[in-house]
Structure formats: C-alpha cells, structure tokens
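Understanding the architecture of this molecule
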Amino acid sequence: MRQYEMFEIRLTGEAPRGSEAAAAPEAVFTLNGKEKRVRGFYVGEGVYKVRFYPGEAGVCSWKIAPALQEGGREISLSGALEGTETCETAGSSSHGMVRVNGLHFACEDGTRYQPFGTTVYALIHQDRKLVDQTFETLAGAPFNKIRFCVFPKHYDYNHNEPAYFAFEKTGDRFDVNRPCQVFWEELERRIGQLDEMGIQGDLILFHPYDRWGFAQLTHEECMTYLSYLVRRLAAFPNLWWSLANEYDLMAHFERGWWNDFARFLHENDPYGHLLSNHNCLPYWDFHDPYTTHCCIQDTCVNRVGRLQREYGKPVVFDEVCYEGNIEHSWGNISAFEMAHRFWMAHILGGYCTHGETYLNEEEILWWAKGGVLHGESPARIAFLRKIMEELPGDPDVLPGRWGSVDPEEIHKRAQEPKTGDVWADGLASLPLERLYRFIDKEGTVQSHCGQEVYLRYYGHQCCGKGMLELPEELEYDVEVIDIWEMTRTVIRTGVSGKVTFPLPGKEGIAVIARRR
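Residues numbered from 1 in each chain as written. Predicted model: local features only at pLDDT ≥ 70, side-chain atom pairs only at ≥ 80, totals over all residues. Heavy atoms only, no water.

**Side note on the nonpolar core**
- Grouped together as the largest cluster of nonpolar side chains are 128 residues, with contacts concentrated most on Phe 206, Tyr 225 and Trp 241.
- In this structure, Tyr 476, Val 478, Leu 503 and Ala 513 belong to the second largest nonpolar core, which totals 16 residues. (Core = buried A, V, L, I, M, F, W, Y, C linked by side-chain atoms within 4.5 Å. Buried < 20%, exposed > 50% of the residue type's maximum accessible area, 1.4 Å probe, protein only.)

See below:
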C-alpha cells in the first residue's frame, strides 16, 4: 500500500441473484486512527472488490463484513476480510487528488495544479487502435486534464456503434443492474493510464446526445448507475465528476434530479472528488454546496473576476468553442483565437479547455473521437503553460481593473446624488445591459501574484506603446511576450513606479513584470 495510490482487495462469493450493480460489500478502513467506511462492488464470475484510497502514509487496517445482504439472503465472502499494512510515503511523482484551494486548485501535498484541459467526448467508445493513438498524442500534448463521457455520443461526425456499453441489455433496453464488465475494465485501464501520464480525467456522467436510451433513464436507474460508478471508481486519484455535458438540454431529466445527483455523489464519494456541471445555455447554479468549481460553456473568458466574486469558487471555461473548420459556428474558430482565450482566462486566474474540430476524410475529429491533433493552438498552449508554471503563485485579478468592477454596484449609484465626476456619473447612468457590454468590451487584462509579478494581456488590441504601474519601492524586469510567435523579450530592467515601453502594435501581446 502506498499513499495516494489505489489499494484493492479481491473477495469471492456466490454471484448475486438480483441486481449485480447493487451488490456491495461493506468495509471499514482505519488509517492512523481515522476511520473511513467504504462499499465495494461486484465484477462478475463470483468476484467482488473493495478499493481504498490512502490520503496519508502510516499504519492502515481494515475489516470487511463477512457477508452481504442481497434479496433477503446472505452471500458469504472469503478473502482478506481483515488485515493491517504499512502505507508507505508517496513517490516523488504522486501528489494526491486535486482539491480546491481558494479560487484555484492544488494537490493534496500542496503542489499547485493549473488545469490545461482538452475534450474528447467519445474517447473510450472507439476501437482500441484509435484510443491507443489518442493516448500517444496526449503523451506529447500540453494537456493535464481531459473531458470524456461514460456513455457513447450520437452527433455529427460521431455515429459509430461502440463494441461495449456500460451495461448489458435485458430485452431491448440497457439494464443498469447488469454492468458490462468488459466496458468497466477498459474504462479503468484508461483512467489508470491517464494517471500514469499525470492527466486528470474529467468524467462526464450524463449527456443528451443519445440514441441508445441512456438520456431517458429513470431517476431510480440513474441512482443505481451512480452508486455503482462511485463505488467502483472513487478510489482513482485522478478523477473529477462532471454531472453532465449540457445538462440543460436533457429534456427527460427534471431539474431537481441534478441536485439529487450532486448531493448523492457528495455523500457517497468517500474521498470528495471535484464536482461540477456543464451547461449549454443557462449556467448550473454554482452556489450549490456540493459543487466545487464553476464549469462553464461560454466565450466571455474575460469575466473570470466577476464569476469568482459571484460564486467564490475556481472558474474553468470548459468549452469556449473549438479550433477547426466544421460548419457549426462553435467549431470553426482560429488557432489564434483559441490561444487568445486561453491567455485571457489564465492570466486572470481562471482556466480554459481546448477542443479541435478539423474536417478530414476519415471523419476522426479530436473533439469527438481523438486520434491526432492537426491544429496550431496546442503548441501555443504549451508555451502558456510553461510561463504560468514559472509564476510564484496563481494570478489574481488586479484590484481597480475592470475584472474587479461590479456593474450592478455601479448601476445602483444612478439612484444616488451625482458626484461631479463625469466618468463615474456617466458609467452609473448607463442602462445595466449597456454597462455590461461596455465593461466586457474593455476586458480585464491585468492581474498579479502579490508584489512578485504583474501581468497584462492586450488580447486583440494592437498597441504600439504600453504602461504598467508598479510599486515605487521595488524593482522589476519587464518582459514582452508574443503568444503566437512564442517569443519572450526583456525590454526593461530594474524599473519601478509608472513604466512605459514600446510594443509591436499587433494582437496577442502580453507583458510580465517580475520582481528582481
């Protein structure tokens, strides 16, 4: 047993006569005097498993109930029903599960984690050769998080029939009481492979793009599925729970179900994986107490500060359109625009997720099936990731800039006596929607890491001259960065206070001032 690594116990017993998904051995693990109750699962052919995730090193003991109740009878279990092991300290490459750290993320050992994600929705529903090729591509890509679905997807450029599904059929309907073991074993193998590569799996539990009946499950069937899933997968350290892709398009699901799902996962996941929900149109209510972070489909990546203030949680733009050339409006932005949206989100202390939709004769589009990457943004994302990981901490929106301005607070001042400040009074007089548009047009492009680093990103502005206001009492070196050409040029050294400098007069320019 080793800290931050899944520990598994194999048991044998008679096969369930009823629901295979509901059969759950009961176990109690005690690590350094702290108890954790864990429920196991059935894997077929008379085999049951119990998994445990040790979050610290030390002495661990366990006791497993010698029988489980199933359909009014007892099933006796045999195997290592109790035992004690030393849990060794984690290896140098293991940092533990990713947790929320204020408005940002960190691993359990305190290592800073910044998600640089990508999306391959039907990753595990392709033939093995294609999935292997996708993993080979990921090995050379800059991404440390990937969004993918449990259930297969039916949509344009994604019409293949998977070899296996999460459940077997009873009659003409998939039966959530009969897990397909081949599917779950392959899913586990791929999650483990991602973990070895240092990649978080953002696992999408439901979605509306369906021709098999998974989007029409009853509430009871959904809960049976979620119970089996969390008992089987929760001990993997590199998983996030995403309740859905575009939850609001699932017409068969009542809105209250989503709150039920979030609460159930929170109460039944012994280890507290990150959890959120992805929208098409209206955002999920990120005030939900079981939701750990904001997972957003939108293009307004300059609103990081506003969303952080509203919800008090990390902000991840998990869909900002896709680099590509397909006919859908969301699937044909340029590589520069994708890189720009990454820079805007990350420099403000938020996060962004990549996707690619380039047409090809085989109709193997990365966003749907994986394969290989064709676009030019991944290299620019890798360049950004290196720069962000060099910073001494996570950036936060610089006070006094647009990202820290609340348009609704400004709008309230219209009811107060005029101040005599033409600018302040003029802003307050604008209709609220006009005020939002004005502030969004300006964009928030400044942030900082305390007094150690100040950052400014000019985005689509083509400035020939720039300015930063730095502390008078400290000295800084100023670097100009071209996000497309991937160049870094130091243009000022040992400066302080109000500093001006020349810029190349083109889009995609960032400036970073580092304390000497």
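**Concerning helix H5 (residues 304-311)**
- Counting buried positions along H5 yields 6 of 8 residues, so the element is predominantly enclosed.
- Along H5, the positions that sit buried rather than exposed are Val 304, Gly 305, Arg 306, Leu 307, Gln 308 and Tyr 311.
- Downstream of H5 by a residue or two, Gly 312 has a phi angle that is positive, lying close to 65°. (Helix = DSSP H or I, 4+ residues; strand = E, 2+ residues; numbered from the N terminus.)

**A look at the side chain of Glu 337**
- With respect to the helices, strands and loops of the structure, Glu 337 is situated in helix H6 (residues 335-347).
- A distance of 2.8 Å separates a polar atom in the side chain of Glu 337 from a polar atom in the side chain of Arg 341.
- Within polar-contact distance, the side chain of Glu 337 engages the side chain of His 460 at 3.0 Å. (Polar contact = N/O pair within 3.5 Å; in protein donor to acceptor, adjacent residues only side chain to side chain.)

**Comments concerning the UniProt feature "domain: Apiosidase-like catalytic" (unreviewed entry) in the protein chain**
- In this structure's numbering, the residues bearing the UniProt feature "domain: Apiosidase-like catalytic" (unreviewed entry) are residues 104-368.
- Structurally, residues 104-368 is divided into 29% helix and 20% strand, and its ends, taken at the C-alpha atoms, are 28 Å apart. (UniProt positions renumbered as here; feature names shortened; annotations may be inferred.)

**What to know about unusual backbone geometry**
- The residue Tyr 4 is not glycine, and still its phi comes out positive at about 70°.
- Judged by relative accessible area, which is 8%, Tyr 4 ranks as buried.
- At Tyr 157, a position not held by glycine, the phi torsion is positive, near 65°.
- Classification of Tyr 157 by relative accessible area gives buried; the value is 12%.

**Re the pairing of strand E16 (residues 173-179)**
- The sheet contact formed by strand E15 (residues 167-170) and E16 spans 3 bridges and is antiparallel. Residue Lys 169 lies in a different strand from E16, and its bridge partner there is Phe 174.
- Remark: 2 residues form the turn of the hairpin made by E15 and E16, two consecutive strands paired antiparallel; Gly 171 in that turn has positive phi of roughly 70°. (Pairing = 2+ DSSP bridges.)

**Points about the pairing of strand E21 (residues 315-319)**
- In terms of burial, E21 is a largely internal element, 5 of the 5 residues being buried.
- The pairing of E21 with strand E23 (residues 351-354) spans 2 bridges and is parallel. For Val 316, the partnering residue across the bridge sits in E23 and is Tyr 351.

**Some words on helix H3 (residues 219-233)**
- Here H3 spans 21 Å end to end across 15 residues, near enough to the 21 Å set by a 1.5 Å rise per residue.
- Counting buried residues along H3, 13 of its 15 residues qualify, which places the element largely inside the surrounding structure. (Expected span 1.5 Å × (residues − 1).)

**As for the packing of H3 against helix H4 (residues 255-268)**
- Interaxial distance between H3 and H4 falls to 11 Å at its minimum, and their mutual angle equals 25°. It follows that H3 is roughly parallel to H4 by the angle criterion. For the element pair H3 and H4, the recorded crossing hand is right-handed. Contacts between H3 and H4 involve His 219, Cys 222, Met 223, Leu 226, Ser 227 and Val 230 from the first element and Trp 257, Asp 260, Phe 261, Phe 264, Leu 265 and Asn 268 from the second.
- Counted by class, the contact of H3 with H4 contains 8 nonpolar, 3 polar and 1 charged residues. (Axes fitted to C-alpha atoms, helices over the stretch in contact; angles between N-to-C directions. Parallel < 35°, antiparallel > 145°, perpendicular 65-115°, else oblique. Left-handed = near helix turned anticlockwise from the far one by under 90°. Contact = heavy atoms within 4.5 Å. Nonpolar A, V, L, I, M, F, W, Y, C, P; charged D, E, K, R; others polar.)

**Here we look at the sheet that holds strand E26 (residues 446-449)**
- Reading across the sheet, the 6 strands line up as E25-E26-E27-E32-E29-E30 and stay open at both edges, with antiparallel pairing between neighbours. The outermost strands of the open sheet, each flanked by one partner alone, are strand E25 (396-397) and strand E30 (487-495).
- As paired strands, strand E29 (residues 476-482) and E30 are joined by 6 bridges and run antiparallel to one another. The residue bridging Asp 482 from the neighbouring strand is Thr 487, located in E30.
- Against the sheet, H6 touches E26, strand E27 (453-457), E29 and strand E32 (509-515), its axis set at about 145° to E27.

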